Amino acid sequence: MQKGTDQSSPEGQMMSLLTVASRPSGAIHLLRRSPASSEAPSGTSVSGRSVIDALLTAVECLDTAALYALIGPESEGFENWSDANTLAAELGSSYAALPDAPLVISGPGEESGTYDSFVEFAIGPFAEDRGADEATRADYTSSANDNLIVEGIEGSDTSLGWVGYAFYKAEGDRMKAIAVANDDGECVMPNDETVADNSYPFSRDLFIYVNVANAQENPAVRSYVDLYLSDEGIASVGNAGYVQETADDLAAAHAAQVVRQIQDYLAQDATRPMKL
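Rules of the game
- Residues numbered from 1 in each chain as written.
- Predicted model: local features only at pLDDT ≥ 70, side-chain atom pairs only at ≥ 80, totals over all residues.
- Heavy atoms only, no water.
- Pairing = 2+ DSSP bridges.
- Helix = DSSP H or I, 4+ residues; strand = E, 2+ residues; numbered from the N terminus.
- Salt bridge = Lys/Arg side-chain N within 4 Å of Asp/Glu carboxyl O.
- Phe/Tyr/Trp six-rings, centres within 6.5 Å; stacked < 30°, edge-to-face > 60°.
- Buried < 20%, exposed > 50% of the residue type's maximum accessible area, 1.4 Å probe, protein only.
- Disulfide = S-S within 2.5 Å.
- Axes fitted to C-alpha atoms, helices over the stretch in contact; angles between N-to-C directions.
- Parallel < 35°, antiparallel > 145°, perpendicular 65-115°, else oblique.
- Contact = heavy atoms within 4.5 Å.
- Nonpolar A, V, L, I, M, F, W, Y, C, P; charged D, E, K, R; others polar.
- Right-handed = clockwise from strand over helix to strand, strands pointing away.
- pLDDT = per-residue confidence, 0-100.

Draft legend 1. Summary view of the sheet that holds strand S3 (residues 61-62). Spatially, three strands are ordered S3-S8-S9 in an open sheet, and the strand pairing comes out mixed. Both outer strands of the open sheet, S3 and strand S9 (187-188), are each paired with one neighbouring strand and no more. Here S3 pairs with strand S8 (residues 179-181) via two bridges, running parallel. Among the inter-strand pairings, Leu62 is bridged to a residue of S8, identified as Val180.

Draft legend 2. Region of the structure containing the pattern of salt bridges. Evaluated as defined, the whole model comprises six salt bridges. Its salt-bridge partner being Glu154, residue Arg174 comes within 3.7 Å of it at the nearest N-O pair. Of this pair, Arg174 sits in the loop between helix H7 (165-171) and strand S7 (175-177) while Glu154 is found in helix H6 (residues 146-154), placing the two residues 20 residues apart along the sequence. Among the charged side chains, a network of salt bridges with common partners joins Glu74, Glu90 and Arg130.

Draft legend 3. Local environment of the packing of aromatic side chains. Using the criterion set out here, one finds seven aromatic pairs in the structure. Their ring planes at 70° and their centres at 6.3 Å tell us that Tyr200 and Phe202 sit as a pair that is edge-to-face. Both residues of the pair, Tyr200 and Phe202, belong to the buried class. Every member of this aromatic cluster is reached through a ring pair, and the members are Phe118, Phe121, Tyr140, Trp162, Tyr200 and Phe202.

Draft legend 4. View of the state of the cysteines. The final tally for this structure, using the stated rule, is one disulfide. Covalent S-S linkage joins Cys61 and Cys187, the inter-sulfur distance amounting to 2.2 Å. Across the S-S bond linking Cys61 and Cys187, the dihedral sits near -100°, which makes this disulfide left-handed. Highlighted residues: Cys61 in strand S3 and Cys187 in strand S9, separated in sequence by 126 residues.

Draft legend 5. Examining unusual backbone geometry more closely. One non-glycine residue with positive phi stands out, namely Asn198, at about 65°. Mapped onto the elements, Asn198 comes out in the loop between helix H8 (192-196) and strand S10 (205-210). The class of Asn198 is partly exposed, set by a relative accessible area of 39%.

Draft legend 6. Quick peek at the packing of helix H10 (residues 219-229) against helix H11 (residues 231-239). Contact geometry for H10 and H11: axes closest at 4 Å, N-to-C directions at 60°. Judged on the interaxial angle alone, H11 and H10 are oblique. Packed against H10, whose contacting residues are Leu227, Tyr228 and Leu229, the element H11 presents Asp231, Glu232, Gly233 and Ile234 at the interface. Considering only residue class, the contact of H10 with H11 consists of four nonpolar, one polar and two charged.

Draft legend 7. Representation of the pairing of strand S4 (residues 104-108) within the structure. Among the five residues in S4, four count as buried, and that is most of the element. At this point the chain moves from S4, through helix H5 (residues 113-127), to the parallel strand S5 (residues 141-143), and the crossover so formed is right-handed.

Draft legend 8. Summary view of the confidence of the model for the protein chain. When pLDDT is averaged along the protein chain, the result is 76; 72% of the residues meet or exceed 70. Confidence, read as mean pLDDT per element, is least for strand S1 (residues 18-23) in the protein chain (39) and greatest for helix H4 (residues 85-90) (98). Confidence drops under a pLDDT of 50 for residues 1-16, and excluding neighbours within four residues, the segment shows 18 contacts in the predicted structure. Predicted confidence is poor over residues 18-26, with pLDDT under 50, and the contacts of this stretch with residues over four places away or in other chains come to 40 contacts.

Structure, rendered in structure tokens:
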């Protein structure tokens, strides 16, 4: 059941019959405050503003080694981006010349699936070999509320954070995505296309798992799944800021849905026409 869902509500009762989980279209996105949203406050000199702008534009892409050096368990106490340079170089990062700027990190807490996936993608590949905990550093601003994470990222000129794709898209120009280097060293920016085809390294699929026994007993569960896979349901995915499945994946899901509908029909001793 999703955290924060009232189990006594209709939504809570439905969620007790369905399990929602994510794994490697939703995606995790590394973010900084956008330079376009950074206006010089009164009393800030033009030269000072230029220095900040240079720092903001210095980090366009990161690899997992640099991310581990910035956010992993061995980065505890790092207060500047540049504090991570030695560790990043030791790990073989191509991005071990990070700027000398305050490192202000905002992200989800351990209760979040987004946290778990980030740890899997960015921390896990290094932590075990180094005898470190497979977890992020503890000294960052964490929240279970994605809107508060967004506020934290937007609240500092030299911020670094991660949040789900839908929240990044909703913020428009107020946040800037950082590209992630893939295994070939190519920097991939997050967008609908790179998330859908999983070429963005931190992409992850979102699934629902249906309790078959409960679905057989409760027509509302079957109706919900039918709505989920209907044209209306699929359209709502994009409207909510998530990424549509590819045509092939949708076709496979619809094929499975038709098979289930046929099985339901054959299980009934009914003479009414079957509607697919």
